[in-house]
Structures are given as C-alpha cells and as structure tokens.
Amino acid sequence: MLKKLFLIISIMGVLIAFATTIQADKSNPKVIMKTSMGDVTIELYPDKAPITVKNFLSYVDEKFYDGTIFHRVINGFMIQGGGLTADFKSKPVKPAIKNEATNKLKNKRGTIAMARMPAKDSATCQFFINHVDNPGLDHRDNTPEGYGYAVFGKVVKGMDVVDAIANVKIMTRSGRANVPRETITIISIQRVEDN
C-alpha cells in the first residue's frame, strides 16, 4: 500500500514538472519599449508570426530601434515608428520579410503590426501600434490592396502611453504629414527576461 502511494506521488510529481516545463516553453517573449513619453510592454506571438517576430527581435537585439522616433501619428488610427532618426534620416535596414497577415490576428486596438510599402512583402523594420480597431488593415484577399498588415504582438502594459502619443499635436515636416510637433523618441526596446 505504501509502495503504491509512493508510486502515485512520484508519478504526480513527474507530471507536474512536465506540465510546468510545457507551460514555460509556451510563454511568449515580451519587450519593453522605453519612450520619451513613458514605457510600453509588448507581448509577441512567435507561434502566429514566426518570421515577423524573429525579424523584430533581431532589430531589438542589435539596438537598432534605440534613438528612433514615432514619425507618423494619427489619433483614432495608429502610431508608427522604428525607422527614422530625430533628424528624419532613414536607418539602413535588412532585407524585407514575408507578410504574415494571413495568420488570423486582427488589427485590434493595442496590437502591433508591421508597416510596409504598397508591395505586400515589403516590411523591414518599421512598425505601428493600432490606436483603435482597424479592420481595414486585416487580410481580406491575396491582392496587394487586400493582403493586409501582419499583427505580431499586443501591448500588455502602457496603453495609456500609446493614447498620450496618439493625442499629440501634429504637423507636416520634410514632406511627411502627421508628424508630432515635439519629437517622440524611442529611447530603447529591450527583451523582458522575466516572462
């Protein structure tokens, strides 16, 4: 009887350890984006957007985003950044990646997605955070116009900072519309180690 009880306890211990390992493996990576207006924590979804998350984290690990700005801000739409310096110079980028907008993730308020040119597979480093639900940016079909923008994560802390950025006064500068009047700097983006 005692041997059976010991065996059951041992098996339960192994199962609990196994379940904990599985749970730990499935935890999504997070990054903290420190901006001149506050901090934003973003959870990434490598299971849904593996190419996009790998690309984004490669820029993060190389400190590419440090010192870039939010250069396009449209209240009630989105805030875009990650490619230009404060003097509006474009940083050199890696090759464009495959658009993963078919991953069924929607451009809902607080999600982060890749910015791109009209060509569907043209995203490099720039990203945007949706200020509101933007169903018009979701994948509808396989045409260049309907392909959509790949969501790869979501703000889990600091949406008030996103709201504050979205509400700044804007202007036209260097031929670009919707530029914040006062520079909003991305001081750094770093991985959060304690998921």
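Residues numbered from 1 in each chain as written. Predicted model: local features only at pLDDT ≥ 70, side-chain atom pairs only at ≥ 80, totals over all residues. Heavy atoms only, no water.

### A look at the sheet that holds strand 2 (residues 38-44)
Sheet strands pair by backbone hydrogen bonding; their relative direction is either parallel or antiparallel.
Argument step 1. Ordered by their spatial adjacency, eight strands build a closed barrel running 1-2-7-5-6-4-3-10, and the pairing between neighbours is antiparallel. Ignoring strand direction, the axes of neighbouring strands in this sheet form an average angle of 35 degrees.
Argument step 2. One ladder, built from three bridges, connects strand 5 (residues 111-114) with strand 6 (residues 127-130); its direction is antiparallel. Among the inter-strand pairings, Met114 is bridged to a residue of strand 6, identified as Phe127.
Argument step 3. Strands in contact with helix 2 (residues 50-61) are strand 1 (30-35), strand 2, strand 5, strand 6, strand 7 (151-157) and strand 10 (185-192); relative to strand 10, the strand with the most contacts, it is inclined by about 115 degrees. (Pairing = 2+ DSSP bridges. Helix = DSSP H or I, 4+ residues; strand = E, 2+ residues; numbered from the N terminus. Axes fitted to C-alpha atoms, helices over the stretch in contact; angles between N-to-C directions. Contact = heavy atoms within 4.5 Å.)

### Here we look at the pairing of strand 1
Argument step 1. Of the pairings in the sheet, the one linking strand 1 to strand 10 comprises six bridges and is antiparallel in character. Within strand 10, the residue paired with Ile32 across the bridge is Gln190.
Argument step 2. With six bridges connecting them, strand 1 and strand 2 associate as antiparallel partners. By the bridge assignment for strand 2, Lys30 is matched with Glu43.

### Regarding helix 3 (residues 159-166)
Argument step 1. All of the buried residues in helix 3 are Met159, Val161, Val162, Ile165 and Ala166. The arc enclosing the buried residues of helix 3, seen along the axis, measures out at 155 degrees, which places them on a common side.
Argument step 2. Buried residues in helix 3 make contact with strand 1, strand 2, strand 3 (68-74), strand 4 (78-85), strand 6 and strand 7. (Buried < 20%, exposed > 50% of the residue type's maximum accessible area, 1.4 Å probe, protein only. Arc of directions from axis to C-beta.)

### Some thoughts on the pattern of salt bridges
Argument step 1. Under the criterion given, the structure shown has five salt bridges.
Argument step 2. The partner of Lys34 in a salt bridge is Asp39, and the shortest N-O contact between them spans 3.3 Å.
Argument step 3. Arg109 is paired through a salt bridge with Asp163; the nearest N and O atoms lie 3.0 Å apart. Taken together, the residues span a long stretch of sequence, with Arg109 in the loop between strand 4 and strand 5 and Asp163 in helix 3 at a distance of 54 residues. (Salt bridge = Lys/Arg side-chain N within 4 Å of Asp/Glu carboxyl O.)

### Overview of the packing of aromatic side chains
Argument step 1. Following the criterion strictly, the structure yields nine aromatic pairs and no others.
Argument step 2. Taking 5.8 Å as the distance between ring centres and 50 degrees as the angle between the ring planes, the aromatic pair formed by Tyr59 and Tyr65 counts as tilted.
Argument step 3. With centroids separated by 6.2 Å and ring planes inclined at 85 degrees, the aromatic side chains of Phe70 and Phe127 adopt a geometry described as edge-to-face. Of the two residues, Phe70 is situated in strand 3 and Phe127 in strand 6; the sequence distance between them amounts to 57 residues. The pair formed by Phe70 and Phe127 is uniform in burial state, with each residue classed as buried. (Phe/Tyr/Trp six-rings, centres within 6.5 Å; stacked < 30°, edge-to-face > 60°.)

### Here's the deal with the confidence of the model for the protein chain
Atom-level detail of predicted coordinates should not be read off regions where pLDDT is low.
Argument step 1. On average, residues of the protein chain score 90 in pLDDT, and 86% of them are at 70 or above.
Argument step 2. The low-confidence segment residues 5-9 (pLDDT under 50) makes zero contacts with residues lying over four places distant or belonging to another chain. (pLDDT = per-residue confidence, 0-100.)

### Considerations on the nonpolar core
Argument step 1. Judged by nonpolar contacts, the single largest core of 33 residues is most densely connected at Phe56, Tyr65 and Phe127.
Argument step 2. Core analysis: the next-biggest nonpolar cluster, separate from the first, contains eight residues, Ala113, Ala115, Phe128 and Leu137 among them. (Core = buried A, V, L, I, M, F, W, Y, C linked by side-chain atoms within 4.5 Å.)

### Description of unusual backbone geometry
Glycine aside, residues mostly have negative phi angles, and peptide bonds mostly take the trans form.
Argument step 1. Here the phi dihedral of Ser174 falls at roughly 50 degrees; this positive angle occurs in a residue that is not glycine.
Argument step 2. Topologically, Ser174 is positioned in the loop between strand 8 (170-173) and strand 9 (176-180).
Argument step 3. For Ser174, a relative accessible area of 57% gives the class exposed.

### As for helix 2
Structurally, the α-helix is built with 3.6 residues per turn, so residues lying three or four positions apart point the same way.
Argument step 1. In this model, helix 2 (12 residues) spans 16 Å end to end at C-alpha, consistent with the 16 Å of a helix rising 1.5 Å per residue.
Argument step 2. Along helix 2, the positions that sit buried rather than exposed are Thr52, Val53, Asn55, Phe56, Leu57, Ser58, Tyr59 and Val60.
Argument step 3. In this fold, the buried residues of helix 2 make contact with strand 1, strand 2, strand 5, strand 6, strand 7 and strand 10.
Argument step 4. Positive phi appears at Lys63, one or two residues downstream of helix 2, with a value of about 60 degrees. (Expected span 1.5 Å × (residues − 1).)

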